[in-house]
Amino acid sequence: MTDDVLTADQIQAVRDRVAELMPGVRADLEALVRIPSVSAASFDQAQVARSAEAVAELLRAEGLEVDIVTEGGRPAVIGHVDGPEGAPTVTLYAHHDVQPPGEDADWDSAPFEPVERDGRLYGRGAADDKAGVLAHVAALRAHRGALPVGVTVFVEGEEESGSPSLPAILERHGDRLAADAIVIADSGNWAIGTPALTTTLRGGLRVIIRVETLDHSVHSGMFGGAAPDAVTALVKLLATLHDDAGDVAVAGLDEGVAADLDYDEARFRAESGLLDGVELIGSGSILSRLWTKPSITTIGIDATSIEKASNTLAAKAAAKISVRLAPSQDPARAFELVRAHLEEHAPWGARVTVELTEKGAGFAADADGPLYDQARSSFRDAWGVEPVDMGVGGSIPFISDFAARFPEAAIIVTGVEDPDTRAHGANESLHLEEFARVCEAEAIFLARLGAQAAAAATAH
Ligand SMILES: [Zn+2]
C-alpha cells in the first residue's frame, strides 16, 4: 500500500517495541489487579482511591500531567500530555474500578491474585477494565519521548456502578477531555484472532412493576378461587411482555438488523450455557436479537419465599425488569411504551404501578471517515486480518454521554475482551496474546494519526 501514512517498516518497529514492553505492562497490570477496587458502595472505597493513585502513578511515569478528580463520586484520573504542533489530540478512556468478585468458591483461583493458566490471566479486573488502562499505558510507552499526537487519558472510578458522577465530571472537566478521537477501551473483539470495532450498543431501562389485588392478605381456603392473588396476577402480567415465539410484545419499540457476521446457534448455546432442549427465544438473526432488537428480562421478584409460604393470597407482589433497547431507541419514549403496555395488560383489574429506576441511551456510531479508517488499518496491522464491526447487547451508558458532549469527535470503541473473558463473572480472564495485539493496535493508531496529520500539513 504505497499511499499509506506509515511504511511497513515503521509499523513493524512499533510492533517490536510493544513486544519488548509487554512483560513490564503485564507486571503493572497484575499489580493493579491486586488492588480490589470494587466501586459498589458496600465495599471498601479506600481501595478505589488506592487504584486511582496507582493509575495516576503509571501516567505520571509517562510524563503526563495528572489530576485525580472527584465530583461527589469515586476518584477518576485525568492525565494529559501535549503532542507535536498541529497534531491531533486523542482521549483514551478506561475505568479502574471493578465488579464485586462474587463467591470465592466460584473462582478457580483467588479473584484478586492474578494467575496465568493456558495463556490467559485470571483475576477480577484482569480484563474489565484494568487491561484497558494498561493498553493505554502501553501505547504511551511505545512512543515514549516522541509521542506523535497529544494524548489525554481519562480513567474513571465508578463505571461498574453506573458512572453516577460522570455528568458532573464532564461538566467541570469536559474541556480537558475534548479530542479529535476518543478511544474507549471497554469492549472487546469478535473472536480470538478477529479484531472488531464496536459500533452499536443497546440502551436500557430498569423498571419496577408493583401489583396489588387485595387490601390485605387473606386465607386461600376461604377466598381462593374467587379473589386473585397478587403473585399470580404479576406472573400473568409478566407473561404478556413476550409473544409465544419469545419476541418482545411491547408495541412500538424500535428494532434494527445487526451486521451479518458468522454466529451460529451452536456457538450461542456454548457461550450462554443454554441447557440441552431449551429453545432460543425471539426471531431474526441471533445477533439482531442480541444487538439491535429489544429484550426484556425479569431480574427480581418480591413475593413470599417458599420457606415462609402459608395458605395465603398475597395482597401485593413486585418484579423488576431489565429492558434492553435498540441502539437508536429514545429511552424515555421506550419507558412510556412499556408502561402503557403494563397498564393495559393488568390482569383481572389488578392495580399496577410502574416505576422507572434507571435508563440509559444506546449508541450507534457513524463509523466512517479518516479517523475510523486509521483505526481499522491499525487493527489490520496488529492482527493481519480485517476488523469487523460488531454490536454489543449491553449498555455502556457513558458512551452516549461522551457522544452528546463531544459530537465532533470520532468515538472508537475497542477493548480487550473476547468471548471467553467472563467479565463480571467468576474466573474473569484476559487472553494475553490478544492483549498484546490490542496494545500494538493502539500504539500504531497513535502513530498513524500523527503521520496522517504530518502528511496533511506537508501537502498544503
Ligand atoms: Zn468495563
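Bear in mind that the values here come from a model prediction, so they are computed numbers and not experimental data.

Draft legend 1. Quick look at the sheet that holds strand β4 (residues 115–117). With respect to topology, three strands assemble into an open sheet ordered β4-β5-β18, the strand pairing being antiparallel. For this open sheet the edge positions go to β4 and β18 (429–431), each flanked by a neighbour on one side alone. Direction aside, the axes of adjacent strands within the sheet are offset by 30° on average. Sheet strands touched by helix α12 (residues 432–459): β5 (120–122) and β18. Its angle to β18, the strand with the most contacts, is close to 65°.

Draft legend 2. A look at unusual backbone geometry. In this structure, Asp129 follows Asp128 across a cis peptide bond, with omega equal to 5°. Following the sequence through the fold, Asp129 ends up in the loop between β5 and α3 (130–142). Of note, Ser163 is a non-glycine position whose phi angle comes to about 50°, a positive value. Mapped onto the secondary structure, Ser163 falls in the loop between β6 (150–156) and α4 (166–177). Its identity as a non-glycine residue notwithstanding, Arg422 has a phi of 55°, on the positive side.

Draft legend 3. Fine view of the pairing of strand β9 (residues 203–212). Note that β9 and strand β13 (residues 316–325) share ten bridges and pair antiparallel. Opposite Leu205, over in β13, you have Val323 as the bridge partner. Sheet topology places β9 next to strand β14 (residues 351–360); nine bridges connect them, and they run antiparallel. Pairing of Glu212 across the sheet is with Arg351, part of β14.

Draft legend 4. Quick peek at the packing of helix α10 (residues 370–383) against α12. Closest axis-to-axis distance for the α10/α12 pair is 8 Å, and the angle between their directions is 135°. Classified by the angle between their axes, α10 and α12 sit oblique to one another. For the pair α10 and α12, the crossing hand works out as right-handed. Every residue of α12 that contacts α10 at Pro370, Gln374, Ala375, Ser377, Ser378, Phe379, Asp381, Ala382 and Trp383 is listed here: Arg437, Glu440, Ala441, Ile444, Phe445, Arg448, Leu449 and Gln452. By residue class, the composition of the contact of α10 with α12 is nine nonpolar, four polar and four charged.

Scoring rules and cut-offs
- Residues numbered from 1 in each chain as written.
- Predicted model: local features only at pLDDT ≥ 70, side-chain atom pairs only at ≥ 80, totals over all residues.
- Pairing = 2+ DSSP bridges.
- Helix = DSSP H or I, 4+ residues; strand = E, 2+ residues; numbered from the N terminus.
- Axes fitted to C-alpha atoms, helices over the stretch in contact; angles between N-to-C directions.
- Contact = placed C-beta atoms within 7 Å.
- Parallel < 35°, antiparallel > 145°, perpendicular 65-115°, else oblique.
- Left-handed = near helix turned anticlockwise from the far one by under 90°.
- Nonpolar A, V, L, I, M, F, W, Y, C, P; charged D, E, K, R; others polar.

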